[in-house]
Amino acid sequence: MFHNERENMKDFNEIMMNRRQALTLGLSGAAALALAACGGGSSNGGDAPAGDTAAIKAGLICLHDENSTYDLNFLNGFKEAMANLGIGEDSYMIKTNIPEGQECYDAAAELADAGCKVIFADSFGHEDYMIQAAKEFPEVQFCHATGTKAHTEGLANYHNAFASIYEGRFLAGVAAGMKLQELAEAGQLKGAAPKMGYVGAYTYAEVVSGYTSFFLGAKSIVPDVTMDVTFTGSWYDETAEKEGATKLINGGADLISQHADSMGAPTACENAGIPDVSYNGSTQDACPNTFIVSSRINWAPYYEYAINATVAGEAIDADWTGTLATDSVQLTAINEAVAAAGTAEKIEEVKAGLADGSIHVFDTATFTVGGKTLDSYMADVDTDAAYEGDTEVISDGYFHESEFRSAPYFDLQIDGINLLDTKF
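Residues numbered from 1 in each chain as written. Predicted model: local features only at pLDDT ≥ 70, side-chain atom pairs only at ≥ 80, totals over all residues. Heavy atoms only, no water.

1. Notes on the pattern of salt bridges
Considering all chains together, one arrives at six salt bridges under this definition. With a shortest N-O distance of 3.1 Å, Glu110 and Lys95 are connected by a salt bridge. Here Glu110 is found in helix α5 (residues 102-113), whereas its partner Lys95 is found in strand β2 (residues 92-95), with 15 residues between them in sequence. For Glu110, a relative accessible area of 19% gives the class buried. Here Lys346 makes a salt bridge to Glu349, at a shortest N to O gap of 3.2 Å. Here Lys346 and its partner Glu349 are both found in helix α13 (residues 343-356), three residues apart, which amounts to about one turn of the helix. (Salt bridge = Lys/Arg side-chain N within 4 Å of Asp/Glu carboxyl O. Helix = DSSP H or I, 4+ residues; strand = E, 2+ residues; numbered from the N terminus. Buried < 20%, exposed > 50% of the residue type's maximum accessible area, 1.4 Å probe, protein only.)

Given below as structure tokens:
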């Protein structure tokens, strides 16, 4: 989610003093923040005793609310972590529907003024404003999901986090490949070869990495698969996502997946009877006849890690990447009524290969770019205005995603994937 430019603030220190005085004199934390909070979940991640964390106050900033599958996933992980750490409802705060603009800085500053010692944000475009707040409140830890600048900013209290979700998408792609193989064997493909469709939000590395890993997972089962991709230009637009999926279905797609945050694409699939692999959570209840499986990032381990480190006075990693091993990369339960026979067993087999290193998602032997196998690529890891490559990321026969920073930087357009449009 590319960020908006920061607004210029005249006489910054004076404005900040006036604002903070107004908050202190006139507003309670609850009235100022319009907060929502509840707890629940099972233990996962941090291992500090509840007594060590119960006194800390934490805050979460979300781009949308629970109606977005993306934000709901963050909200659920946050509440689970709070319950696991023994942090009560009166000690955590949540701000939803915060745009990727100066509103994010205001929200972060209000949370800091309300006593939060660690503040999380969930959207890419929040990054500049979280950095702004980190500079203003050096005693508070600011943790930003999906961002790219922590390792170059050098702020002791500003951090990025992501997960190797490309592995989860690859596993979901394996499930898609199994379904396509089943359809092929039953003579139920629309064309001579299997074809998938993918609804993406933007043509950013995060999305490119996701749809490519999904495609390669399917390709590992059905080598002749191709995939069309269309973009909506929004992270959450149910109408555009539904229309995009419908366009892909009408264009011959046998199966649909997505990197966008509403129920638009799954609903289109259910209406058309087309198998669907969703993202961020199960859509089985709403789409029982078409949903196969979904991959998701489990954010609870990161929340627990960052809060435990804050309580202990320990440094939080500038870049933290959750993995299968940390239980940060997950698949939902498989819908056995739709998935091909043997899907669960195949996923476990591939998952074991990912864990022991015998399988790499971006193995350069499994894809080509312009008909050529790559043995070198300079990725834009230290993001600059020109997006110039600065880091060699191919070695040992594969593209090393999310190793040089947590956020994805795989932006190659590989053969077999056809972009119907682009949105930056």
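2. Side note on the environment of Ile221
Checked against the element boundaries, Ile221 lands in the loop between α9 (205-219) and β7 (226-231). On the basis of relative accessibility, which here comes to 13%, the residue Ile221 falls in the buried class. With residues near it in sequence (within four places) discarded, Ile221 still touches Val174, Gly177, Met178, Gln181 and Lys346. (Contact = heavy atoms within 4.5 Å.)

3. Examining the packing of helix α8 (residues 165-185) against α13
The N-to-C vectors of α8 and α13 enclose an angle of 145°; their axes lie 10 Å apart at closest approach. Crossing of α8 over α13 shows right-handed handedness. Within the contact between the two elements, α8 uses Glu167, Phe170, Leu171, Val174, Ala175 and Met178 and α13 uses Thr343, Lys346, Ile347, Val350, Lys351 and Leu354. By residue class, the composition of the contact of α8 with α13 is eight nonpolar, one polar and three charged. (Axes fitted to C-alpha atoms, helices over the stretch in contact; angles between N-to-C directions. Left-handed = near helix turned anticlockwise from the far one by under 90°. Nonpolar A, V, L, I, M, F, W, Y, C, P; charged D, E, K, R; others polar.)

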